[in-house]
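Tertiary structure, described
What follows is each chain in one-letter form.
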Amino acid sequence: MSTPGGSLACEGMYSKLIEDEVNSRPDVGLHGKKGPQRDAGGTSEMQMKDANTSALIATISKLQQEKEELQAKLDLMAATKVPEAIKPPTRTPTRAPTRAPTRAPPVCSPDWSLFNDSCYFISRTSRDWPESKSFCESQGAHLAIILTAEEQTFLWDLLPRGHWNSYWFGITDEHTEDQWKWVDGTPLVGGFWEAGEPNNHIDEDCGYIVKTQVMERVAIRSWYDAPCSMYLPFICEKQMGGGASTAVPH
Ligand SMILES: [Ca+2]
Ligand SMILES: [Ca+2]
């Protein structure tokens, strides 16, 4: 805090400075109204300044516009250059073709038929369901697991028609009644059962496909359940996709 005396001294100094400043300007007088007598000359001077200012503003505006136009052209040039800039190195295309055909399509053994990444075998002999399962496993396969209508239709088309031509495939509810599971342990979702099946009619815990001579019967309604001890031909599936099959020793 400054002393009262010091404060007053400061105020006096500022007042003097302001007075000197104002009196030094020709068009404004603090003491005596001298200003109005010079109005005519002052106004024309002001008008000239206004005109100059307007001209400068117009010039700046024009330059600004030209700058923006040039910037737009530069942007366009840069944009059209981009494809050249990101063009892939010329050696990349030579690498791609050599890597593409690394995976050969699966080849099935004789008597096995290919669909997608699996080979399927339709047996000529009959076994009960557990023996059929064991046979498929001895071939590095499993009783067929049928997940799609396409797969079901493919297998159906392989089967010959007959009076009651029946084939085991890889589904059972032997562990818990009416909880059908595939041989890999996954639960059945949906399925292609005949109307009224599965009905566990005489303690039936294994699934089979029937293809009769009745042409109205269709692939997607051809599953039945039957006692697992019945002797029937069967369908094995060997998955040929990467990692699914057993390792080949070298
Ligand atoms: Ca059953
Ligand atoms: Ca049944």
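Our structure is the block above this text.
The structure reproduced in this document is the subject of the present report. (Residues numbered from 1 in each chain as written. Chains lettered and ligands numbered in written order. Predicted model: local features only at pLDDT ≥ 70, side-chain atom pairs only at ≥ 80, totals over all residues. Heavy atoms only, no water.)

Describing the coordination of the calcium ion (ligand 2)
Ideal values for angles at a metal depend on the geometry: 109.5 degrees with four tetrahedral donors, 90 or 180 degrees with six octahedral donors. Coordination of the calcium ion (ligand 2) by the protein involves Glu-197 (OE), Asn-199 (OD1), Glu-204 (OE), Asp-225 (O) and Asp-225 (OD), with metal-donor separations of 1.9 to 2.7 Å. Sequence spacing among the residues donating to the calcium ion (ligand 2) works out to E-x1-N-x4-E-x20-D. Overall, Asn-199 belongs to the partly exposed group, its relative accessible area being 38%. (Donors = N, O, S within 2.8 Å, 3.2 Å for Na, K, Ca; no water. Buried < 20%, exposed > 50% of the residue type's maximum accessible area, 1.4 Å probe, protein only.)

Focus on the state of the cysteines
Covalent bonding between the sulfur atoms of two cysteines defines a disulfide. One pass over the structure, following the stated rule, counts 3 disulfides. Across the disulfide, Cys-136 is cross-linked to Cys-236 (sulfur-sulfur distance 2.0 Å). Judged by the sign of its S-S torsion, about -80°, the bond between Cys-136 and Cys-236 is left-handed. With Cys-136 in helix α4 (residues 129-138) and Cys-236 in strand β8 (residues 235-239), this residue pair connects regions lying 100 residues apart in the sequence. Under the relative-accessibility criterion, Cys-136 is labelled buried at 0%. A relative accessible area of 0% means that Cys-236 is categorised as buried. The partner cysteine of Cys-206 in its disulfide is Cys-228, sulfur to sulfur 2.0 Å. One disulfide, between Cys-206 and Cys-228, carries an S-S torsion of 95° and so falls in the right-handed class. Placement of the pair is Cys-206 in strand β6 (residues 206-211) and Cys-228 in the loop between β7 (223-226) and β8, with a sequence separation of 22 residues. Side by side, Cys-206 and Cys-228 carry an identical accessibility label, which is buried. Counting only the cysteines that form disulfides, in the order they appear in the protein chain, gives the pairing 1-2, 3-6, 4-5. (Disulfide = S-S within 2.5 Å. Helix = DSSP H or I, 4+ residues; strand = E, 2+ residues; numbered from the N terminus.)

From the geometry alone we can't say anything about function, so treat these as descriptive.
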